[in-house]
Amino acid sequence: GLLVTKCGLLRHRPAGGGAFWVDSQQKRYVPVKGDHVIGIVTAKAGDVFRLDVGGSEPASLSYLAFEGATKRNRPNVQVGDLIYGQFLVANKDMEPEMVCIDGSGRSNGMGIIGQDGFLFKVSLGLIRKLLAPKCEIIQELSQLYPFELVLGMNGRIWVKAKTVQQTLIIVNILEACEYMTAEQRKQALAKLSGT
Amino acid sequence: QVWQIRLDMHLLNHDGNITDAASIAGIVALCHFRRPDVSVQGEEVTVYTPEERDPVPLSIHHMPICVSFAFFHQGTYLLVDPTEREERVMDGLLVIAMNKHHEICTIQSSGVVMLVQDQILRCSKITAVKVAEITELIQKALENDQKARKEGGKFGFAESIPNQRITAFKMESAAVDTNDVEEKAGEIIAKADPPAEVFANPILHTPGTAQIGEGIESSWGDLEESEKEEEAEEEGESEAAAFECHKVETEDTSTMKETKNDEPIVLSDSEEEEVVILEPQELPRKTR
């Protein structure tokens, strides 16, 4: 028999051998090898940190998986910190493993995310839209205020602007982008930069 | 003998206060449920199917509903029904479960807030008001559902999702232009490879033993390879591989066809090392 497991639009990419996939709206994240995600440190167990990445299991992160980390020079990671890293191992049979270095040993933007800022959750589809090259939303927002932005493929976004109010404005706009059309967004931003 | 009932709850999405929502969902599910009717005569128990007798509701004595309160700044601020963000930064949580008869079923306090007596009394009064509202909503919903089922109207989860809301993710069905379908189908058929040769005539080895066609290569030895191909994530890859396999097979059958007339018949799908065809008068002819 035939079982439907995912509902959505069937998409096709003819390039590179061709790929078919089902485009669907989803908030629940399933760890995938190579994905860059934001994890929250929940525990320190000896030489390994436990991170909540929003999946069914916590991910493990070794203290040596940071740029320039050695047994003497340990990274300063506390419970509750935010980490931006990528999955080294992610399949349904094993606990996911994360690292904060790439293949050549460089951090490449990964590591502990700084203090302050605001972490919130959106759907996976919005993250993919924001990560597309030349995303209009990000370009328009950057006209508004300067801010720091980290996008995790697990649906988590971290924002930090100069003041708390500016940060919250950006958070609200990004959350609303889920349902706003491009015109509505441009109107909202015009109102904000006007006032 | 008693019935055992199991309630499974699947959380699809939430913005905080899962306890309250889950308690409402649970009690409504139990009130809505119908179990098979049973009759007991002495030692004999007859369970009727839904077709034989209408299923019967459970005996629900009362409907306890949870209401949650979030406390901030050591009890200075109180929020009823906190959202996800409020839950994450709250100091303490008080959950009161009550039914519409103002009977408290559960009180649970957690977090670092020390609560004063009159705070708890105030919360229970708020709970009574909320529970009365919610219970009325539940009763109306159950009645509407019962009415809809009796009158043959639409009911169920799919029907209760509003279609015109922006959160519904519904797409209008797209019309497909089928004007030139016949031409396109004809072109595809004309350009397609002709099917593998059809063997209409059986080859008679001996009276009683005949062969139609030649069958495909036994693929039992290729089991490992085919498993690896299935693991390929992209369908394109596995489709391409499948096409390759098919081509290999047709090539094999075509080479075998050439040798057919001269050499003994090759039974390719047999796994026997020696295949012996018994013939009544001649000596057995050994084939592969």
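Here the structure is a predicted model, which is why all the values come from computation and not from measurement. (Residues numbered from 1 in each chain as written. Chains lettered and ligands numbered in written order. Predicted model: local features only at pLDDT ≥ 70, side-chain atom pairs only at ≥ 80, totals over all residues. Heavy atoms only, no water.)

## Considerations on the pairing of strand 6 (residues 77-80) of chain B
All names here are of chain B. As judged from the four bridges shared by strand 5 (residues 65-72) and strand 6, these two strands associate in the antiparallel manner. Note that in strand 6 the partner of Ala70 across the bridge is Leu79. Between strand 5 and strand 6, which pair antiparallel and follow one another directly, the connecting turn spans four residues, one of which, His73, has a positive phi of 55°. (Pairing = 2+ DSSP bridges. Helix = DSSP H or I, 4+ residues; strand = E, 2+ residues; numbered from the N terminus.)

## A short note on the pattern of salt bridges
Residue and element names in this part refer to chain A. Tallying each qualifying case throughout the model produces 16 salt bridges over all chains. Here Arg50 ties to Glu95 by a salt bridge, and the two come within 3.3 Å at their closest N and O atoms. Linking Arg50 in strand 4 (residues 48-52) with Glu95 in strand 7 (residues 94-99), this pair joins segments that are 45 residues apart in sequence. Because the salt bridges share partners, they merge into one network encompassing Glu136, Glu140, Arg185 and Lys186. (Salt bridge = Lys/Arg side-chain N within 4 Å of Asp/Glu carboxyl O.)

## Quick notes on the packing of helix 2 (residues 136-144) of chain A against helix 3 (residues 164-176) of chain A
All names here are of chain A. With their axes 12 Å apart at the nearest point, helix 2 and helix 3 run at an angle of 160° to one another. Relative to helix 3, the element helix 2 is oriented roughly antiparallel. In the packing of helix 2 onto helix 3, the handedness of the crossing is right-handed. Only Ile170, Ile173 and Leu174 of helix 3 make contact with helix 2, whose side of the interface consists of Ile137, Leu141 and Leu144. Residues belonging to the contact of helix 2 with helix 3 are distributed by class as follows: six nonpolar, no polar and no charged. (Axes fitted to C-alpha atoms, helices over the stretch in contact; angles between N-to-C directions. Parallel < 35°, antiparallel > 145°, perpendicular 65-115°, else oblique. Left-handed = near helix turned anticlockwise from the far one by under 90°. Contact = heavy atoms within 4.5 Å. Nonpolar A, V, L, I, M, F, W, Y, C, P; charged D, E, K, R; others polar.)

## Section: helix 1 (residues 18-32) of chain B
All names here are of chain B. With 15 residues, helix 1 ought to run about 21 Å at 1.5 Å a step, and its terminal C-alpha atoms sit 21 Å apart, in line with that. Among all positions in helix 1, only Asp20, Ser23, Gly26, Ile27 and Cys31 are buried. Buried residues of helix 1 fall within an arc of 135° about the axis and therefore sit on the same side. The elements touched by buried residues of helix 1 are strand 1 (34-35), strand 5 and helix 3 (117-151). (Expected span 1.5 Å × (residues − 1). Buried < 20%, exposed > 50% of the residue type's maximum accessible area, 1.4 Å probe, protein only. Arc of directions from axis to C-beta.)

## Focus: the UniProt feature "domain: Exoribonuclease phosphorolytic" (unreviewed entry) in chain B
Look at the UniProt record and you will see "domain: Exoribonuclease phosphorolytic" (unreviewed entry) annotated at residues 2-36 and 62-126 of chain B. Along residues 2-36 of chain B, the helical share is 43% and the strand share 6%, with 13 Å between the first and last C-alpha atoms. (UniProt positions renumbered as here; feature names shortened; annotations may be inferred.)

## Quick look at the sheet that holds strand 5 of chain B
Residue and element names in this part refer to chain B. One open sheet accounts for four strands, arranged 6-5-7-8; its pairing is antiparallel. Looking at the sheet topology across the chains shown, the edges are occupied by strand 6 and strand 8 (104-111). Looking at each pair of strands side by side, their axes are set apart by 20° on average, direction ignored. Of the strands in this sheet, strand 5 and strand 7 (92-98) touch helix 1, which is tilted by about 175° from strand 5. Sheet contacts for helix 3: strand 5, strand 6, strand 7 and strand 8; angle to strand 5, the most-contacted strand, approximately 140°.

## Structural notes on the packing of aromatic side chains
All names here are of chain A. A complete count under the given rule lists two aromatic pairs over all chains for this structure. Each ring, one from Tyr29 and one from Phe87, has its centre 6.3 Å from the other, and the planes form 20°; the classification is stacked. With Tyr29 in the loop between strand 2 (19-23) and strand 3 (36-45) and Phe87 in strand 6 (residues 82-91), this residue pair connects regions lying 58 residues apart in the sequence. For the pair formed by Tyr29 and Phe87, the shared burial category is buried. Consider the rings of Phe118 and Phe120, whose centres lie 6.3 Å apart with planes at 35°: the pair is tilted. Classification of Phe118 by relative accessible area gives partly exposed; the value is 23%. Owing to a relative accessible area of 2%, Phe120 belongs among the buried residues under this scheme. One Lys or Arg, Arg74, reaches over the ring of Tyr63 and ends 4.1 Å from the middle of that ring. (Phe/Tyr/Trp six-rings, centres within 6.5 Å; stacked < 30°, edge-to-face > 60°. Lys NZ or Arg CZ within 6 Å of the ring centre and 35° of its normal.)

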